[in-house]
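# Structural overview
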Amino acid sequence: MFWDIILDVAEPTPGVRRRTGGVSVQESRVAVVVEDDADIRSLISSVLEQAGFSVFSASAGLDGIELVRAHDPVVTTLDVSMPGMDGYETAKRIRAFSDTYIVMLTARADEIDTLLGLQSGADDYVTKPFRPRELRARVEAMMRRPRGTVAGDAPSTGAVAVATAPSPVATAAPEDEGWLSHKGLRLHPDMRVVTVEDDDVELTRSEFDILFDLLSAGRRVVSKNDLALMLRGDRYVGGSDYVSEHDARAIEVHVANLRRKLGESAAQPRWIETIRGVGYRLTAA
C-alpha cells in the first residue's frame, strides 16, 4: 500500500515519569499502537516516540486490549479495519475499563464511519493517508484536556474548566456551588458529572466538554469551528484556527451522540438548539 506521507524529523520530547495515582497526564507518556499493517505500525510508533512516548504495539485487537490493561497508556491508536476484532469493538472493550485517549485511524472517510468510531468511545478520528505532524498535533491537543473517568471510578478532581463566565441561563444556586444547570440538566465541571433530573448521564470527554461550553455560553451561539478549536486545545493557546470539514463533521456527530444520551430530539430540543449553518446554543429558559 502506498502512503503519501513524509516522516517529520524532530527532536524527541524529553522523557517524563510514568503516571501514578493523581499525577497529571503531562507526566504520563505511554502509548499503545494497535495496527495490523507492520509498516504503518512502525510509522505511528516512530511518530509517538519522537513526541516522547514509550510505545507498546500490537497487531490485533485482543493483544492491544491486554497492552492497555498492562501499561495504562495515556494515548491509544486503533486501526479500524483489523482482521478478527475490528477497531470499533476494540475501542468499546477498552473504554469499559480505561480512560486512555483513543484515536481511530482508518482509510474510511464516510460520515457513518466517523459516527461509529465516536460512538465506540474514540476521542478523535484521523483518516489515512495522514501526515505525521497532524497525528502528533492531535495527540498533543488531546493531552491538554482532562482525562475523564469510566463507570465505577472516583470522579476526577483535576479537571480544568474552560475559562468562561457562567451564563444567566445556566445558573448555579448557592447551595449547589460549582454546578451549571438548565431545565433539569446539571453539570459539574470539576467533578466531571452530568445529570438529567438527578439521573447520572455517562458522556465521553468530548461530549462533556461540548456540553460545558454550551452551558457556559447560554443563549450565545457557539459555532462548530469554535467547538472544534476547543476540543483541539487551540482556542486559548494561539494555535491554528483552521478547521477542516472532517473536524466540523465530527462536532455534528458529537452533538448528535450528546443529544441521544441526554434523551432529546434535534427536531424538538429541550436543551440544545441547532442554529443552521452556524452552530448551537441553549434553548430559552
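Before reading on, note that the structure itself is shown above.
Residues numbered from 1 in each chain as written. Predicted model: local features only at pLDDT ≥ 70, side-chain atom pairs only at ≥ 80, totals over all residues. Heavy atoms only, no water.

Now for empty space enclosed by the protein. If a probe the size of a water molecule is rolled over the atoms, the empty space left behind becomes visible. Enumeration according to the criterion identifies 1 cavity of 30 Å³ or more in this entry. Residue lining of the largest cavity: 17 residues in total, with Asp123, Asp124, Arg138, Leu231 and Asp247 positioned closest to the centre. Breaking the lining of the largest cavity down by element, the ones donating at least two residues are strand S5 (124–127), helix H5 (132–143), helix H7 (224–232) and helix H8 (245–262). At 5 residues, H8 tops the list of elements feeding residues into the lining of the largest cavity. Classifying every residue of the lining of the largest cavity gives 8 nonpolar, 3 polar and 6 charged. (1 Å grid on protein atoms, 1.4 Å probe; cavity = no way out; pocket = protein on both sides within 12 Å on 5 of 7 lines; lining within 4 Å. Points joined across faces, edges and corners; volume = space filled by probe spheres on them. Helix = DSSP H or I, 4+ residues; strand = E, 2+ residues; numbered from the N terminus. Nonpolar A, V, L, I, M, F, W, Y, C, P; charged D, E, K, R; others polar.)

The next point concerns the sheet that holds strand S6 (residues 180–182). Read from one edge to the other, the open sheet built from 4 strands follows the order S6-S7-S8-S9, with strand pairing classed as antiparallel. On the outer flanks of this sheet lie S6 and strand S9 (199–200), each paired with one strand and no other. Pairing between strand S8 (residues 193–196) and S9: 2 bridges, direction antiparallel. Its bridge partner lying in S9, Val196 is registered against Asp199. In the packing of helix H6 (residues 205–217) onto the sheet, contacts are made with S6, strand S7 (185–188) and S8, and the angle to S7 comes to roughly 110 degrees. (Pairing = 2+ DSSP bridges. Contact = heavy atoms within 4.5 Å. Axes fitted to C-alpha atoms, helices over the stretch in contact; angles between N-to-C directions.)

Okay, the pattern of salt bridges next. Enumeration over the complete set of coordinates arrives at 15 salt bridges. In this structure, Glu140 engages Arg29 in a salt bridge whose closest nitrogen and oxygen atoms are separated by 2.9 Å. Highlighted residues: Glu140 in helix H5 and Arg29 in the segment before strand S1 (30–34), separated in sequence by 111 residues. Residue classification places Glu140 among the partly exposed positions, given a relative accessible area of 23%. Accessibility expressed as a relative area gives 10% for Arg29, which makes it buried. Across the pair Lys261 and Glu207 runs a salt bridge, and its minimum N-O distance is 2.8 Å. Pair noted here: Lys261 is in helix H8 and Glu207 is in helix H6, with a separation of 54 residues, a long-range link. Since its relative accessible area comes to 1%, Glu207 is described here as buried. When salt bridges that share partners are traced, they join Glu35, Asp79 and Lys128 into one network. (Salt bridge = Lys/Arg side-chain N within 4 Å of Asp/Glu carboxyl O. Buried < 20%, exposed > 50% of the residue type's maximum accessible area, 1.4 Å probe, protein only.)

Attention now moves to a negative patch on the surface. Together, Asp198, Asp199, Asp200 and Glu202 make up a region of like negative charge exposed at the surface. Checked against the element boundaries, Asp200 lands in strand S9. (Patch = residues over 30% accessible without salt bridge, like charges linked within 9 Å, V, L, I, M, F, W, Y side chains within 5 Å. Areas by Shrake-Rupley, 256 points an atom, 1.4 Å probe, with all protein chains shown as cover. Lys, Arg positive; Asp, Glu negative; His and termini not counted. Charge placed at Lys NZ, Arg CZ, Asp CG, Glu CD.)

As a further point, take unusual backbone geometry. The step from Lys128 to Pro129 runs through a cis peptide bond, and the omega angle for that step is -5 degrees. You can see Pro129 is positioned in the loop between S5 and H5. Although it is not a glycine, Asp72 sits at a positive phi angle of roughly 45 degrees. For Asp72, the position within the fold is in the loop between helix H2 (61–71) and strand S3 (75–79).

This part takes up the environment of His188. With respect to the helices and strands, His188 occurs in strand S7. Distance in space between the C-alpha atoms of His188 and Phe212 is 8.6 Å, their sequence separation being 24 residues. Setting aside chain neighbours within four positions, we find His188 in contact with Glu177, Gly178, Trp179, Val193 and Phe208. Separated by 3.3 Å, the side chain of His188 and the backbone nitrogen of Met191 make a polar contact. (Polar contact = N/O pair within 3.5 Å; in protein donor to acceptor, adjacent residues only side chain to side chain.)

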